[in-house]
Amino acid sequence: MAAQGRSLKSSACERFFARDTTEVARDLIGASFEVDGCGGIIVEAEAYGHDDPASHSYGGTNNRNRSMFGPPGIAYVYRSYGVHWCLNFVCGVHRGCAVLIRALEPTSGLAHMRKRRGVENDRRLCSGPGNLTKALGITGALDGWPLDSAPFTLSLPEGPRPAVVAGPRIGITRAMDLPWRYGLKGSRFVSRGFSGT
DNA sequence: ATGACGATGCACT
DNA sequence: GTGCATCGTCATG
């Protein structure tokens, strides 16, 4: 659990996201993220790089991934397995980097999110990239949307950094050796546990 | 036009 | 823990 911080203004947003994708992913752990008043604390995120065989941007731009090549600080929303929506934050010092948001600890709009998901179990409410977008009402309509603009609210934690653990990314078949999945240490809201915690 | 493949979630053992 | 439904997107012909 992390303290609520100051909301990200436009200039700070650009500064925050225009850094190495792994640093951004790590620093997003503990941040607060909401869409129209529904959301919570980011407890799990994965980094995807510009020259990363597991990244959608690998091999260049196409119609699906074009927002990955947009400016740092916008959303990249894509359809996974033809069924789920997944949310990324575009970032990096190169084009084509993003952080996949995989799980939140729900703190706001609980009733609305439970209704959207059709579950009462708060532990699973925003756990997993597809579950998270369903709970927050995120669809492809928000692809390319600036993260410092409504309906988004992103606030970074103030004070000491929360304890963050790292491990291999989930659901990929390439570059499986990179420990680019980050999680809030000890959180029971992550989609899967981290070895060694 | 068609086939292959998922940055998944859920039911089930 | 394992099995698999499901369909948008891309590569190929």
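Scope of this entry: the structure provided in the associated data block.

Quick notes on the rules
Residue positions are given per chain, counted from 1 along the sequence in the order it is written. Each chain gets a letter, beginning with A, and each ligand a number, beginning with 1, in the order they are written. At least 70 in pLDDT is required for a residue's local features to be given in this predicted model, at least 80 for side-chain atom pairs to be given and counted, and no such filter applies to totals for whole chains, interfaces and linings, which use all residues. Water and hydrogen atoms were dropped before computing side-chain values, which therefore reflect all heavy atoms in the structure. Stacked, tilted and edge-to-face are the three classes applied to pairs of Phe, Tyr and Trp rings, where Trp contributes its six-membered ring and a pair requires centres within 6.5 Å; stacked means planes under 30 degrees apart, edge-to-face means over 60, and tilted covers the rest. Secondary structure elements are defined from DSSP: runs of H or I of at least 4 residues count as helices, runs of E of at least 2 residues count as strands, and each element is numbered from the N terminus. Burial here depends on accessible area, computed with a 1.4 Å probe over protein chains only, as a share of the maximum for the residue type. Under 20% is buried, over 50% is exposed, and the range in between is partly exposed. Comment: the charge-over-ring label is applied if NZ (Lys) or CZ (Arg) is within 6 Å of the ring centre and within 35 degrees of the ring normal. This arc is built from the directions going out from the helix axis to the C-beta atoms. Whether two residues are in contact is decided by their heavy atoms, any of which lying within 4.5 Å being enough. Proximity is defined per residue: if any heavy atom of the residue lies within 4 Å of a molecule or strand, that residue is considered near it. Two N or O atoms form a polar contact when they lie within 3.5 Å of each other; inside protein one atom must be a possible hydrogen donor and the other a possible acceptor, and for residues adjacent in sequence the pair counts only when both atoms belong to side chains. Between Lys or Arg on one side and Asp or Glu on the other, a salt bridge is scored when a side-chain nitrogen of the former is within 4 Å of a carboxyl oxygen of the latter. Put simply, buried Ala, Val, Leu, Ile, Met, Phe, Trp, Tyr and Cys residues joined by side-chain atoms within 4.5 Å make one nonpolar core.

Re the packing of aromatic side chains
Evaluation of the coordinates by the stated rule reveals 5 aromatic pairs. Here Phe 17 and Phe 89 contribute two aromatic rings whose centre-to-centre distance is 5.8 Å and whose plane-to-plane angle is 90 degrees, an arrangement assigned as edge-to-face. In this pair, Phe 17 sits in helix H1 (residues 10-17) while Phe 89 sits in strand S4 (residues 84-91), placing the two residues 72 residues apart along the sequence. The pair Phe 17 / Phe 89 is uniform in exposure class, with both members buried. With a centroid separation of 5.6 Å and an interplanar angle of 40 degrees, the aromatic rings of Phe 33 and Phe 152 are classed as tilted. On the criterion of sequence distance, the pair formed by Phe 33 in strand S1 (residues 32-35) and Phe 152 in strand S6 (residues 152-155) is long-range, its members being 119 residues apart. Among the residues examined, Phe 152 registers a relative accessible area of 4% and is labelled buried. Taken together through their ring pairs, the aromatic side chains of Phe 16, Phe 17, Phe 33, Phe 89 and Phe 152 make up a single cluster. In this arrangement the basic side chain of Arg 169 is found over the ring face of Tyr 48, its NZ or CZ atom lying 4.6 Å from the centre.

So, helix H3 (residues 110-117)
All of the buried residues in H3 are Leu 110, Met 113 and Arg 117. The arc that holds the buried residues of H3, viewed along the axis, is 65 degrees, so those residues lie on one side. The outward face of H3, more than 90 degrees from its buried face, is lined by the exposed residues Ala 111 and Lys 115. Where H3 is buried, its residues meet strand S2 (38-48), strand S5 (97-108), helix H4 (122-125) and helix H5 (129-136). Phi turns positive one or two residues past the end of H3, at Gly 118, with a value near 75 degrees.

Brief notes about the protein's contact with DNA strand B
Taken together, 21 residues lie near DNA strand B, and His 56, Tyr 78, Asn 88, Gly 130 and Gly 171 sit nearest. In the model, a phosphate oxygen of DNA strand B is placed 3.2 Å from a nitrogen or oxygen of the Pro 129 main chain. Within the contact set of DNA strand B, a phosphate oxygen lies 2.5 Å away from a backbone nitrogen or oxygen of Gly 130. Elements supplying a minimum of two residues to the surface near DNA strand B: strand S3 (75-80), S4, S5 and H5.

Brief notes about the pattern of salt bridges
For the coordinates displayed, the defined rule picks out 9 salt bridges. Here the residues in one salt-bridge network are Arg 19, Glu 23, Arg 26, Asp 27 and Arg 161, joined through shared partners.

Description of the nonpolar core
Phe 17, Leu 28, Phe 33, Ile 42, Phe 89 and Ile 101 are the most contacted members of the largest nonpolar core, which totals 45 residues. Among all residues touching Ile 101, those that are not within four sequence positions of it are Leu 28, Ile 42, Glu 44, Ala 45, Leu 87, Phe 89, Pro 129 and Leu 132. Of all hydrophobic cores here, the second largest spans 12 residues; its members include Met 68, Cys 86, Val 90 and Ile 172.

By themselves these figures say nothing about function.
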